[in-house]
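# Remarks on the overall topology
Here are the chains, one letter per residue:
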Amino acid sequence: MIKDLAVKNRSYRAYDRSRRITRQELVDLVDMTRYVASSVNDQPLKYYIACDEKDVAKVQKMTVWAKGLPELNLPYPGTEPVAFVVICIDENLRVGGRNYLRDVGAVAQTMLLAAVEKGLGGIMIGSIMKDSLKQFFNMPDNVEPNLVVAFGKPAEEIVLTECKDGNTKYYRNAEGNIHYVPKRSLDDILMN
Ligand SMILES: Cc1cc2nc3c(=O)[nH]c(=O)nc-3n(C[C@H](O)[C@H](O)[C@H](O)COP(=O)(O)O)c2cc1C
C-alpha cells in the first residue's frame, strides 16, 4: 500500500553494505522517473548514477549528512550507502525562468518509494559539492547537479514522533543508533 511505503520511506543514514545495488537496479529507478509529472512537460532533468564501490566512496565525500547532528559525523564508517543517483537540471532544456525544483522533488520521492518497495531505502541530499560532482562525472557545462539521492539497504532504526511545541528538530538516543523524527500532526497542517 502506498501509505505503508510512504511511512517506511524514511531518510536513512546507515546501510547494510553487504547488499550491493547493481547498475541495472539504478537504471530501473531512473527509467521510472520518465513517468513523473513535469512543469509544462519540459522534462529538463538528467541523471548520473554511481554504484561501483570506488565511485560511491568518492561521491560520498561530496555530500553533507545530518547537519542537525554535526557531532555524530553521519554516516558512521562502514554504514555508508552503496549507490547514488545525481539529479541534474539541463540548462539547455530550461524554458524561460522556469524553476524545476518541484520536478526534482517529485522524481526523487518516486525513486525512493520504488526503492522501499524493493526492500531498499535512501535519503535525499541537498547539501552537495556541485563543482566536485560536475568534475567527477565529467558533466557538460549546461548540466547542473541539483539533488543527490543515496540508496542502500537500511540498517538503522528510525522512529517517527509527535512534534511538540512546534519543534521539528530530529534527534538520537544517547547511543546514537536510534533516530527520532518529529512530524507535525494533521491538525497542524490541514488549514480548512
Ligand atoms: C530536498 C531535501 C534535501 C535534503 N538534504 C539533506 C542533506 O543534505 N543531508 C541530510 O542528511 N539529509 C537531507 N535531507 C533529509 C531530511 O533531513 C529529512 O527528510 C528530515 O530530517 C525528515 O526525515 P524523514 O525524511 O525520515 O521524514 C533532505 C531532505 C529533502 C526533502
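Residues numbered from 1 in each chain as written. Predicted model: local features only at pLDDT ≥ 70, side-chain atom pairs only at ≥ 80, totals over all residues.

Attention shifts here to the pairing of strand 2 (residues 45-50). Counting buried positions along strand 2 yields 5 of 6 residues, so the element is predominantly enclosed. Note: strand 2 against strand 3 (residues 83-90), 6 bridges, orientation antiparallel. If you follow Leu-45 over to strand 3, its bridge partner there is Ile-89. (Buried ≥ 20, exposed ≤ 12 C-beta atoms within 10 Å, placed from the backbone. Helix = DSSP H or I, 4+ residues; strand = E, 2+ residues; numbered from the N terminus. Pairing = 2+ DSSP bridges.)

Near the ligand lie 13 residues; those nearest to it are Arg-10, Ser-11, Trp-65, Gly-126 and Ser-127. A total of 3 residues in the shell around the ligand trace back to one element, the largest contributor, which is strand 4 (residues 121-125). Residues that form the shell around the ligand fall into these classes: 9 nonpolar, 3 polar and 1 charged. Two domains each provide a minimum of three residues to the shell around the ligand, namely domain 1 (2-155) and domain 2 (156-192). (Near = placed C-beta within 6 Å. Nonpolar A, V, L, I, M, F, W, Y, C, P; charged D, E, K, R; others polar. Domains from an automatic or database assignment.)

The end-to-end C-alpha separation of helix 4 (residues 101-117) is 25 Å, in line with the 24 Å expected for 17 residues at 1.5 Å each. Buried within helix 4 we find Asp-103, Val-104, Val-107, Ala-108, Met-111, Leu-112, Ala-115 and Val-116. Each element contacted by the buried residues of helix 4 is listed here: helix 1 (2-8), helix 2 (23-32), strand 2, strand 3, strand 4 and strand 5 (143-154). Gly-119 sits one or two residues past helix 4 and shows a positive phi near 85 degrees. (Expected span 1.5 Å × (residues − 1). Contact = placed C-beta atoms within 7 Å.)

The subject of this paragraph is unusual backbone geometry. Each neighbour pair has its own omega, and for Leu-74 with Pro-75 the value is 0 degrees, a cis peptide bond. In this structure, Asp-165 is a non-glycine residue whose phi angle is positive, near 55 degrees. Note that Asp-165 resides in the loop between strand 6 (157-162) and strand 7 (171-172).

Moving on to the confidence of the model for the chain. Here the chain averages 98 in pLDDT, and 100% of its residues register 70 or above. The secondary-structure element of the chain with the lowest mean pLDDT is helix 6 (residues 186-189), recorded at 96, while strand 3 shows the highest, at 99. (pLDDT = per-residue confidence, 0-100.)

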